[in-house]
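This is what each chain is made of:
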Amino acid sequence: MQARKSFLGHRPSLLLGASLLTISTFSPTALSDAIAEALSSGTAYGDFRMRFETVDQDNALDDADALTLRSRLGYTTGAVSGFSATIEFEDSRSVAGIDDYNDTIGNGTEYSVIADPETTELDQGFLHYKTDKLSSKLGRQVIKLDNTRFVGDVGWRQDRQTFDGLSFDYNPLEDLTVKYAYLEQRNRIFAEEKDIDSKDHLLNASYKTGLGTLTGYGYLLEEDTDTELAFDTFGIRFKGATDTGDIKLLYTAEFATQEKSSQGAEDLDADYIFLEGGAVISGFTAKLGYEVLGSDDGQFGFSTPLATLHAFNGWSDQFLNTPNEGLVDTYISVSGKLAGGKWVVAYHDFSADEDSDISDDFGDEINISYGKSFGKHYSAGIKYAAYSADDPANNGATGFVDTDKIWIWAGAKF
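The chain is annotated in an unreviewed UniProt entry as Alginate export domain-containing protein of Oceanicoccus sagamiensis.

See below:
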């Protein structure tokens, strides 16, 4: 395995420069005392999740079963003139020999995929600078923007996604937040073997109004590899809620446009539309949604490669890669509380944005989950996804087959 690049390579950093400037104002004795105080006054933490997952697909692959334990241990120092540091390690292991699954990195290829390879790695490691209006991080870090549809940590998987880079959160006004990040490496969910060098720019600005939050964004993603693959996405989003007596109304609208460019190919483009309305009544929340990941004449489907994809388009993960024909997801969900926990039931209907000779119907899916916290430190849950391919005659051509998945988990945080 090749040696991994250091954070930001040899690129200059404003944050690092500010750090050195601040440190230079301390006398050697004062600096030594400040560092000792920061180290001794920090906070250690741990986060553990044991999960059983099973996958049953209507194809030639064997059913998959996995019992895995994800462990995270970290430490955040105290602050010195606004500066602190965090280091966090993550480990994912199979437990009790229950490891009959395709882990995505070459093991168990006769089984269905459960994307939780065994790995031990640095999950986060960053220098943090914080003032009343500015927060900046240099190093390996978690970045989540808006609802994580475009940028997220994929926290559902045992090896979550982080990024190597420099990020800024700036609040020039009480209701205005501007975020920018430059990323040089995407540390994906498939262990170090499938991390990707990149030259990504993320810009996100949001403003709170009396009716909701208006957000504009531009995400310029480029793989720093021989493929020269790039996605430029620009969009606008509005999300809010309004109380009308005993009913709380929820509403979200979003539009984005994307251009894909790759070496030796013509540029392609597609649009994204998201509309969701809902209501909270007597403790129940009901939502009706319509999401379109558009297509460019069946050659390319709108893509979100940095997203927490599991949270969208059904939990069975049929559409982690958008079909070239695009995707239309019409869904309804109902959620509420029961015995101190939260339950969710959702139904998705999937179709193509662009008709094709193969199929314009991608099937439907039912999702059910229940989760509960126990005191301050413990949690547990169960989750089920059932995807039905409505056009069995074309399953081999479309790649979609009937799929059932079940998860049972327990967690602890300290």
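Another point: the overall build of the chain. The helix and strand tally for the chain stands at three helices and 18 strands. Over its C-alpha trace the chain gives a radius of gyration of 23 Å, about what one expects of a compact globule, namely 22 Å for 414 residues. Taking the principal axes of its C-alpha atoms as reference, the chain extends roughly 75 × 55 × 50 Å. Expressed as a percentage of the 414 residues in the chain, the buried residues total 45%.

Where nonpolar side chains cluster on the molecular surface, the patch consists of Leu288, Ile332, Val345, Tyr347, Ile366, Ile368, Ile382, Tyr384, Ile406 and Ile408 and spans about 820 Å² of accessible area. Among the elements of the structure, β15 (341-351), β16 (361-374), β17 (378-388) and β18 (403-413) are those that each provide at least two residues to the nonpolar patch. Assignment of secondary structure puts Ile406 in strand β18. Judged by its relative accessible area of 33%, Ile406 is partly exposed.

Moving on: the packing of aromatic side chains. Applying the stated criterion to the full structure yields 20 aromatic pairs. Ring centres of Phe150 and Phe302 lie 6.0 Å apart, and the angle between their planes is 85°; on these two criteria the pair is classed as edge-to-face. Of the two residues, Phe150 is situated in the loop between β5 (134-141) and β6 (162-173) and Phe302 in the loop between β13 (284-293) and β14 (327-338); the sequence distance between them amounts to 152 residues. The class for Phe302 is buried, based on a relative accessible area of 0%. A connected cluster of aromatic rings, assembled from ring pairs, spans Phe150, Tyr217, Tyr219, Tyr272 and Phe302. Cation over ring: Lys383 sits above Trp156, and NZ or CZ is 3.7 Å from the ring centre. The side chain of Lys383 reaches across the aromatic face of Trp407, ending 5.5 Å from its centre.

The rules behind each value
- Residues numbered from 1 in each chain as written.
- Predicted model: local features only at pLDDT ≥ 70, side-chain atom pairs only at ≥ 80, totals over all residues.
- Heavy atoms only, no water.
- Helix = DSSP H or I, 4+ residues; strand = E, 2+ residues; numbered from the N terminus.
- Rg over C-alpha atoms; globule rule 2.2 N^0.38 Å.
- Buried < 20%, exposed > 50% of the residue type's maximum accessible area, 1.4 Å probe, protein only.
- Patch = residues over 30% accessible without salt bridge, like charges linked within 9 Å, V, L, I, M, F, W, Y side chains within 5 Å.
- Areas by Shrake-Rupley, 256 points an atom, 1.4 Å probe, with all protein chains shown as cover.
- Salt bridge = Lys/Arg side-chain N within 4 Å of Asp/Glu carboxyl O.
- Phe/Tyr/Trp six-rings, centres within 6.5 Å; stacked < 30°, edge-to-face > 60°.
- Lys NZ or Arg CZ within 6 Å of the ring centre and 35° of its normal.

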